[in-house]
Amino acid sequence: VRCVVAEGAKLRPAVIEAGVLHLRAMVFGNRCAIGENAVCTSGCVAGDNVTLQPLSLFSGRVARTLPDGSAWKGAPLVRSNGQRMRFPTGRLSKDLCGDIVALLLSLMLIIACSAVGYCVFGAMAAAQGLTDWDWRGESEGWLFAAVWMRFV
């Protein structure tokens, strides 16, 4: 069984009726999708490929099984003719490669911005007469350049 439960969805397998706590199973078929902020209560049963749209309430108290391949929405729950939720591919390697590319691009952008900033600092320092101090040759000079650019 492989299902998608979106962020904010609430699965509540317990209910209190007349002061008694009842625990009932929640059964979802293969490839079910529960939308954002949807609520599923104890005793609910859904078949295969069922989509519960965002902000819907699927109560187990009505003792109804949602049929295979259907989409549902709302509170009370009604059948939806809208687009079914797409099931994510779940390919970790694809996501990992995308994250690595994004990380490398952000690092290149940081390096490029730093290089431009230090060149601007060197030009402004020379224009203000700081030619006798070799700020590039000392580790404290680079730190001073970064702080100076931040506050000037």
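Structure first, text after, so check above.
This is a predicted model, so every value here is computed, not measured.

> What's the story with the nonpolar core in this structure? I'm lost.
Across soluble globular proteins, you tend to see nonpolar side chains buried next to one another. Ranked by internal contacts, the top residues of the largest apolar core, which has 14 residues, are Phe 28, Ile 34, Cys 40, Ala 46, Leu 52, Phe 58 and Leu 66. Apart from residues lying up to four places away in sequence, Leu 66 is in contact with Val 45, Ala 46, Gly 47, Val 50, Phe 58, Trp 72 and Leu 77.

> Just to check I follow, could you spell out the state of the cysteines for this structure?
Structurally, a disulfide amounts to a covalent bond that connects the sulfur atoms of two cysteines. As enumerated under the stated definition, the model contains 0 disulfides in all. As a non-bridged cysteine, Cys 3 has Cys 32 as the owner of its nearest cysteine sulfur, 4.4 Å distant. When its relative accessible area of 31% is taken as the criterion, Cys 3 is described as partly exposed. Cys 44 supplies the cysteine sulfur nearest to Cys 40, a cysteine that is in no disulfide, at a spacing of 4.8 Å.

> Help me out: how do you make sense of the pairing of strand S4 (residues 20-23) in this one?
When a strand is regular, its side chains alternate between the sheet's two faces. Here strand S3 (residues 14-17) runs beside S4; their pairing, made up of 4 bridges, is antiparallel. For Ile 16, the partnering residue across the bridge sits in S4 and is Leu 21. Connecting S3 to the antiparallel partner S4 that follows it, the hairpin turn spans 2 residues, and Ala 18 within it adopts a positive phi of roughly 55°.

The rules behind each value
- Residues numbered from 1 in each chain as written.
- Predicted model: local features only at pLDDT ≥ 70, side-chain atom pairs only at ≥ 80, totals over all residues.
- Heavy atoms only, no water.
- Core = buried A, V, L, I, M, F, W, Y, C linked by side-chain atoms within 4.5 Å.
- Buried < 20%, exposed > 50% of the residue type's maximum accessible area, 1.4 Å probe, protein only.
- Contact = heavy atoms within 4.5 Å.
- Disulfide = S-S within 2.5 Å.
- Pairing = 2+ DSSP bridges.
- Helix = DSSP H or I, 4+ residues; strand = E, 2+ residues; numbered from the N terminus.

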